[in-house]
Amino acid sequence: MNLRIFELERFQSLYENTVPYNLTESGFHPFTLKELLTSEEIEKLTQTVLGYGQTNGSIPLRKRIAALYKGYSEDNVLVTNGSSEANFVACHSLLKKGDEVAIMVPNYMQVWGIVEEMGCTAIAYHLREENRWAVDLEELKKVVTPKTKMIAVCNPNNPTGYILTDEEMKEIVRLAESVGAWILADEIYRGAELSGKETPSFIGMYDKVIVNGGLSKAYALPGLRLGWLAGDTKTIADSWAYHDYTSITAGILSHEVGEIALRPEMRERIFARNRGMLRENLQAVEEWVKKYSHIIQFVPPQGGGMAFMHYTLDIKSTDLSDWLRKEKGIFIVAGDWYGMDKYIRIGIGAEKDYLLKGMDILTKALEERFGV
Ligand SMILES: Cc1ncc(COP(=O)(O)O)c(C=O)c1O
């Protein structure tokens, strides 16, 4: 098996449900069904026939998704089991062994692992902390060659919360176009901006764009396992053929609830609730970091549910995460799982009291062990 262990997911899967304080969450505290829906909508859901449904996504759901992208119809959309299936299917539809793929780093490392397993070559281009996580376009220019078949972006970015400027997006498109490469744009955090200004999609900027979206992050509905691909009709049809092999379909109840969550007034309500949580929590985290600025540096995110911090303590990030979890009952993401030691990631989309309690435990632990 040529499969790199997907450490970010593996470690979270192992421990997130048993640790007393889990600060590894990368989205917002999820909604309950009761918080999200009216009692009439819930009653209607109980009448749902639990069949397969339309395997590429119900037509009403795909229409809702298509409405997020200018000029798109339901034929431009494939509904998947979470955005992770969307990433998997997109790579398999568009790439073959030997292809080169330029991947934004840091990033949710799923695409990296998939393309390596497929026998492609993954090549990093970076967001630079010294430039407030702006993308290094000079590096991307060097990395993109006629062998490049895909440029993978994550915008807004996991884990930095960086949002590409319009000029950066245009330059990425220009570079992709210059060699005929695909752009795989993971836009799962679109709608989770602190400013309230929704990040533009790559759709419509260039023909060879495939977008990955979903309800797990900006919509705070990861348990629905509802993601999608949006792209040209041929690529979507090819991806559907892969989806027949991977999961056949997302759950029918998720189709129903997802369609409601994507109504314009619901999107507004969901995003406003999440933005409020993010703003409040970020303020608390910024105050905390200020107190520890001699050991922790931090560029605040522009969106998403995470704080990605650089530290100078003499301990590897995996060891720090392990020690905090085993000895103090608090779980944070190690930068190592992004291939970036000396960083930690803390979820700031949690409920405020929970986050503050977790941060308090973290503070005491750091004081005890490192005397900071
Ligand atoms: C950037 C990014 N893309 C995709 C995924 C996978 O999302 P899902 O839970 O919908 O499969 C994640 C999950 O953390 C993510 O952060």
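1. Things to note about the site of the ligand
(1) Moving on: Residues in contact with the ligand amount to 13 residues; listed here are only the nearest, S84, N158, D186, S216 and K217.
(2) Moving on: Note that an oxygen atom of the ligand is positioned 2.6 Å from one of the side-chain N or O atoms of S216.
(3) Moving on: In the model, an oxygen atom of the ligand is placed 2.8 Å from a nitrogen or oxygen of the K217 side chain.
(4) Moving on: Isolated, the ligand exposes 390 Å² of accessible area, and the fraction of that covered by the protein chains is 95%.
(5) Moving on: Among the elements that make up the shell around the ligand, the one with the highest residue count is helix α5 (residues 82-94) (3 residues).
(6) Moving on: Classifying every residue of the shell around the ligand by side-chain character gives 4 nonpolar, 6 polar and 3 charged.

2. Here's the deal with the packing of helix α11 (residues 264-291) against helix α13 (residues 352-370)
(1) Moving on: Relative orientation of the contacting elements α11 and α13 amounts to 15°, with a least axis distance of 10 Å. Taken as axis vectors, α11 and α13 run roughly parallel relative to one another. Two packed elements cross with a definite hand, and for α11 against α13 that hand is right-handed. Every residue of α13 that contacts α11 at E280, N281, A284, V285 and W288 is listed here: K352, L355, L356, M359, L362, T363 and L366.
(2) Moving on: Looking at side-chain class alone, the contact of α11 with α13 contains 8 nonpolar, 2 polar and 2 charged residues.

3. Some details on the state of the cysteines
(1) Moving on: Per the counting criterion, the structure on display carries 0 disulfides.
(2) Moving on: C120 forms no disulfide, and the closest cysteine sulfur to it belongs to C91, at a distance of 7.9 Å.
(3) Moving on: Note on C120: relative accessible area 8%, which makes it buried.
(4) Moving on: Free of any disulfide, C154 has its nearest cysteine sulfur in C91, 13 Å distant.

4. Things to note about the domain arrangement of the chain
(1) Moving on: By domain assignment, the chain separates into domain 1 (7-32 + 267-370) and domain 2 (49-263).
(2) Moving on: For domain 1 and domain 2, the distance between their C-alpha centres works out to 25 Å.
(3) Moving on: In this assembly, 33 residues from domain 1 lie in contact with 32 residues from domain 2.
(4) Moving on: Looking only at domain 1, the three residues that lose the most surface to domain 2 are R267, V299 and Q302, adding up to 26% of its buried area.
(5) Moving on: Applying the counting rule to domain 1 against domain 2 returns 1 salt bridge.
(6) Moving on: Where E198 meets R267, a salt bridge forms, and the shortest distance between an N and an O atom there is 2.8 Å.
(7) Moving on: Counting across the domain 1 and domain 2 interface gives 16 residue pairs in polar contact (both at pLDDT 80 or more).
(8) Moving on: For the side of domain 1 that touches domain 2, the secondary-structure elements that each account for two or more residues are α1 (7-15), α11, β11 (306-311) and β14 (343-347).
(9) Moving on: Within the side of domain 1 that touches domain 2, the residues separate by chemical class into 17 nonpolar, 10 polar and 6 charged.

5. Quick word on the pattern of salt bridges
(1) Moving on: Applying the stated criterion across every chain yields a total of 20 salt bridges.
(2) Moving on: For K234, the salt bridge goes to D238, with nearest N and O atoms at 2.7 Å. One end of the pair, K234, and the other, D238, are both in helix α9 (residues 233-246), 4 residues apart, so they sit about a helical turn from each other.
(3) Moving on: The class of K234 is exposed, set by a relative accessible area of 55%.
(4) Moving on: Take D238: its relative accessible area is 32%, and that puts it in the partly exposed class.
(5) Moving on: One continuous salt-bridge network, built from bridges that share partners, spans E41, R64, E259 and R263.

6. A short note on the packing of aromatic side chains
(1) Moving on: Summed over all chains, the structure comprises 13 aromatic pairs.
(2) Moving on: Aromatic side chains F11 and W337 sit 4.6 Å apart centroid to centroid with 25° between the ring planes, which places their arrangement in the stacked category. Of the two residues, F11 sits in helix α1 while W337 sits in the loop between β13 (333-334) and β14, which places them 326 residues apart along the sequence.
(3) Moving on: Looking at F11, the relative accessible area reads 22%, which means it is partly exposed.
(4) Moving on: With a centroid separation of 5.5 Å and an interplanar angle of 65°, the aromatic rings of F308 and Y338 are classed as edge-to-face. Linking F308 in strand β11 with Y338 in the loop between β13 and β14, this pair joins segments that are 30 residues apart in sequence.

7. Some thoughts on the packing of α5 against α9
(1) Moving on: Between α5 and α9, the shortest axis-to-axis distance is 9 Å and the interhelical angle comes to 115°. In this structure, the crossing between α5 and α9 has a hand that is right-handed. Across the interface between the two elements, E85, F88, V89, H92, S93 and L94 of α5 pack against T235, D238, S239, Y242, H243 and T246 of α9.
(2) Moving on: Residue classes in the contact of α5 with α9 are distributed as 4 nonpolar, 6 polar and 2 charged.

8. Structural notes on the layout of surface pockets
(1) Moving on: The calculated volume of the largest pocket comes to roughly 990 Å³.
(2) Moving on: Lining the largest pocket are 43 residues; nearest its centre among them are F6, E9, S84, Y108 and Q110.
(3) Moving on: Broken down by secondary-structure element, the contributors of at least two residues to the lining of the largest pocket are α1, α5 and α6 (110-117).

9. Topic: unusual backbone geometry
Note: most peptide bonds trans; most residues except glycine with negative phi.
(1) Moving on: Cis geometry is adopted by the peptide bond preceding P106, which originates at V105 and carries an omega value of 0°.
(2) Moving on: Position of P106 among the secondary structure elements: in the loop between β3 (100-105) and α6.

Cut-off values and rules
Residues numbered from 1 in each chain as written. Predicted model: local features only at pLDDT ≥ 70, side-chain atom pairs only at ≥ 80, totals over all residues. Heavy atoms only, no water. Near = heavy atom within 4 Å. Polar contact = N/O pair within 3.5 Å; in protein donor to acceptor, adjacent residues only side chain to side chain. Areas by Shrake-Rupley, 256 points an atom, 1.4 Å probe, with all protein chains shown as cover. Helix = DSSP H or I, 4+ residues; strand = E, 2+ residues; numbered from the N terminus. Nonpolar A, V, L, I, M, F, W, Y, C, P; charged D, E, K, R; others polar. Axes fitted to C-alpha atoms, helices over the stretch in contact; angles between N-to-C directions. Parallel < 35°, antiparallel > 145°, perpendicular 65-115°, else oblique. Left-handed = near helix turned anticlockwise from the far one by under 90°. Contact = heavy atoms within 4.5 Å. Disulfide = S-S within 2.5 Å. Buried < 20%, exposed > 50% of the residue type's maximum accessible area, 1.4 Å probe, protein only. Domains from an automatic or database assignment. Buried area = accessible area lost by both parts, 1.4 Å probe. Salt bridge = Lys/Arg side-chain N within 4 Å of Asp/Glu carboxyl O. Phe/Tyr/Trp six-rings, centres within 6.5 Å; stacked < 30°, edge-to-face > 60°. 1 Å grid on protein atoms, 1.4 Å probe; cavity = no way out; pocket = protein on both sides within 12 Å on 5 of 7 lines; lining within 4 Å. Points joined across faces, edges and corners; volume = space filled by probe spheres on them.

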